[in-house]
Structure formats: C-alpha cells, structure tokens
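# Understanding the architecture of this molecule
Each chain, written out:
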Amino acid sequence: MKKTLALLLVLLLTFSLVACSPAEEPAEETPAAEEPAEEPAEEPAEEPAEEPAEGATISVQVEESWQPYYEQVRDTVLADNPGATIDFIVSGSFDHLDTIDMTDANNEDVADVFAYPLDRYYGLNQNEILAAFDAPALADRIGGWDNFDEGFAKYLTDGEYYFGIPMNLESLLVFVNKANAEAAGVDYTQPVEFTELDPNTLMTAVFNAWYGVAFTNPAEIELLGQDGDTFFSDFAQDWADLPAEKQAVVEALFNYYQGHTTDLVWDSDAVWGEIDAQVATGGETAFVIEGPWNAGKYGEIMGEDLDVIPLSNITINGDPLAHWRSGWALGLNARIEEDADKVALAESFLAELLNPANAVEFYNVTGKIMENANAETYADSDLDDMSKKVIATVYDGFETGTDRPLFSEWGQVWDTFENALLSWKSAAPASAEEAYQYIQDSFTSLMGQIGQ
C-alpha cells in the first residue's frame, strides 16, 4: 500500500498526539506464531465517507452460481447510493486468485471486492494485495457477532490491522450411511474408534494432509511448526524419539494402509470414485470424512440412508478427531484503500452481503454458512432437515477444531505428507516403524529445503 509522504506525516503526528490505536489482536491460528514482518504493518484504509460520492465505482468478484444473491445485494446497495456503480467480475474464486498470483492488485481483471479461503490469506497479505480496513466497525454495523475479535476474524489480522471479514465457516464432518453402519454392526450414536473399524468401514484420503491432519491433530503432531526464526517437524525425529502417542497415530495409519493395499483407496486419483462406490447402500463403507460442500452429492448417493455426525464422534486411540478451524473471507483490493468513496461503497456491499437476516438465502445460493448467524438461525427456517443438521455440525466442528498454520512455508507440507504416505504402496513396508522411515525421510528433506 503506497501512501503519500504528506499522509504519512499527518498520520505520524496524529499517532504521537493521541493514543487511540486498537487493542492488540490474539495470535493467529497457527500452533507457532508467524515470524514478524520486517516492515511495520500497513495502516488501515482511510476513514470512509459516510456515503459514497456520486459516481463511485467498484468491481466485485462473484462465482456464476452466486449471482442471484449478489445481484439482490447490489440492487439494495445501489438503491441507497444513487449514482454509484457496482460491476461484477464473474469468475470462480480460485480462478480469480490465480489471476492475482499471475499479475497484481492493479490488474483490471482483479476485483475490488473478492472472496478468498483462509489458507490464501498469508500470501495475499504478504504480497500487499489486501487493503487494511476497520473490520470490527463493519462487523458492528452488520451485526450477529458476539465476540468478533476472538472468532474467525483473528486469523485475518496483521498486528492490529484487519485484512478481511469472515464470509463463512468450514470444518470437516462425517457422512454416514445408516444401512451400511447397521450391516457393519457399528452404533454411531456412540463414539466410533477408528482403530477398531475394518479399514473399509471408514474411508477418506488420509494421505492428503487436508484430511490427514484430522488424525494427526489429536496427538498434537506438528507436521511443520515455527518457533521464531526456527522451523521444526515432529516427523523429522527418529522413530525411537517420537512419543508413544504419536507413534500410535502412525501405527493406526499404517494399519489403515494395510487394509487397502490391493484396491484404489491408496491412489490419489481414484480414491474418491472408490469411496463413492463403496458408500452407496449395500457397499462396505459406512463413514466418509468430507466437507459440507459435498452434502448434496452424498445425499444423491445414499438417499434416505444418509446421516451426518460431527468429526469429533470418531476417535483415534481414544482421542476425538479434530480438523482445523477454517473458512472463507471477503477482502478489499489494496488499490482502493486511499479512495474513501470506493471503500465506503465496498463496505456497504459487504454489510448487505453478510446481513445475518439473509443467512438462509445466502446458504441456499452459495452453500456458505455465516459465522455471524448460528445453528438456531437455520433451524428455524424452511431448510430441509439434513441441511440444518449439516450446518449445526459445521458450527460444532469449528468450535472443536484447532488453529491452522498460516505461514507460507507450510504449503510445502502438502506434497511432503502425500508423497511419503503414497510411497508405502510401492515400498511395501512390513511394519509401522519401517513405514515411518519414509515419512521421516520426506520431512527431513523438507527441513533441508527450508534451511533448518
């Protein structure tokens, strides 16, 4: 964010005269705090005008399927701001983020207001794509949050400044085929122990770290942590030095692998097709760990046999599975932060977009679950019972989840973890300790790549 010298002098003088900076935010949701940036955090956007000046224009990224809701929001905002213009850039969220990665914030194909998943926050902020703005004040205007600073928003901060506002919450959950569970003799109304199940009874892509961390988190296995300037990994340790509870997780994953060495479950391309086939009524699978975005798909596959339970209802070595707290945010493009009228118009759009009174319609059109609503909001609606249950389970998963690492180096863990576990199929280790050697080799290599 580039400020003029005059503005900097004014701000510095103001800060020297008045002690009015916001309170410090809690550490972001990574097990080890991020390394502080060498440069000070950017100042937030200028105080927006109370009402956008006539002629203010912004662009908003919107996925095609979201358009009906976004158009309704635009109509409402423009009715209150005659003369303003809100243009849509119709693009998939990840396609839009790819455009940002290949260009910069000034590209006309990059919107002034756009959605991004939490795992992209660090890179966007580091590359100065996001504008700082007064998200707590906007949250007060929108309503619905009891403790904004302690929720998802704390992951969207850099020091005292906010670079996004929560759009929705996400967490993994468990889709259940009731008939298959009954056939397998499993009472899923009680905690279900992963290590006691036939490997076919519960399926997920455990070698993919997005799902794998649900199994490593309960034993507090740090795949890649950060302590100041130092990175570390539990999986770079020798087997003999790995604590017993962490060895037990490796043993559980190895036993799961042994139950699938001859079929498609240990294949990154074929695994989901195999799961879809086996979780249909009459198949061998009763439980699938997945995200709420696939509720419709599993409803079609299982029909009336579909049920859903929280991820924490599955245990590993007695400890409930736990995923990361995650979700999506809405951010402002850094290029508009010095234009108070554009910021005001953008904030008005966000205020209406995230209006909790529209939470059910927002879910129906986008499939996204507002943090500033709650399970009761949806329970009292005309949504179908399964949708209500999925939503309640997502709220539960976010509450029981763990903070996720947000420093950029963690991105290298995805391939490191997956390649290590998938190597078992060709290496055919005979024991968990032998299988661990492939994990240790991969993570030792990772530590070398990041200079530790």
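Read on for an overview of the structure. (Residues numbered from 1 in each chain as written. Predicted model: local features only at pLDDT ≥ 70, side-chain atom pairs only at ≥ 80, totals over all residues. Heavy atoms only, no water.)

Spatially, the three strands line up as an open sheet ordered S8-S14-S15, and their pairing is mixed. Lying at the two open borders of the sheet, with one neighbouring strand each, are strand S8 (192–193) and strand S15 (319–320). Where S8 and strand S14 (residues 314–316) come together, two bridges link them in parallel fashion. Bridge pairing in S14 places Glu193 opposite Thr315. (Pairing = 2+ DSSP bridges. Helix = DSSP H or I, 4+ residues; strand = E, 2+ residues; numbered from the N terminus.)

Attention shifts here to the pattern of salt bridges. Using the criterion set out here, one finds six salt bridges in the structure. Between Asp112 and Arg335 there is a salt bridge, with its nearest N and O atoms 2.9 Å apart. Pair noted here: Asp112 is in the loop between helix H3 (93–102) and strand S3 (113–117) and Arg335 is in the loop between strand S16 (326–332) and helix H11 (340–353), with a separation of 223 residues, a long-range link. Relative accessible area serves as the criterion here: at 5%, Asp112 is assigned to the buried category. On the basis of relative accessibility, which here comes to 29%, the residue Arg335 falls in the partly exposed class. (Salt bridge = Lys/Arg side-chain N within 4 Å of Asp/Glu carboxyl O. Buried < 20%, exposed > 50% of the residue type's maximum accessible area, 1.4 Å probe, protein only.)

Before going further, it helps to spend a moment on the pairing of strand S13 (residues 306–310). The side chains of a regular strand alternate between the sheet's two faces. By the criterion of burial, S13 is predominantly enclosed, with five of the five residues buried. With burial as the criterion, each face of S13 is covered, one bearing Leu306, Val308 and Pro310 and the other bearing Asp307 and Ile309. Here strand S7 (residues 173–177) runs beside S13; their pairing, made up of five bridges, is antiparallel. The partner of Asn177 across the bridge, within S13, is Leu306.

Before going further, it helps to examine the pairing of S3. Here S3 lies mainly inside the structure; five of its five residues are buried. Burial of the side chains of S3 extends over both faces: Val113, Ala115 and Pro117 are buried on one face and Phe114 and Tyr116 on the other. With five bridges connecting them, S3 and S16 associate as antiparallel partners. Its bridge partner lying in S16, Phe114 is registered against Gly331.

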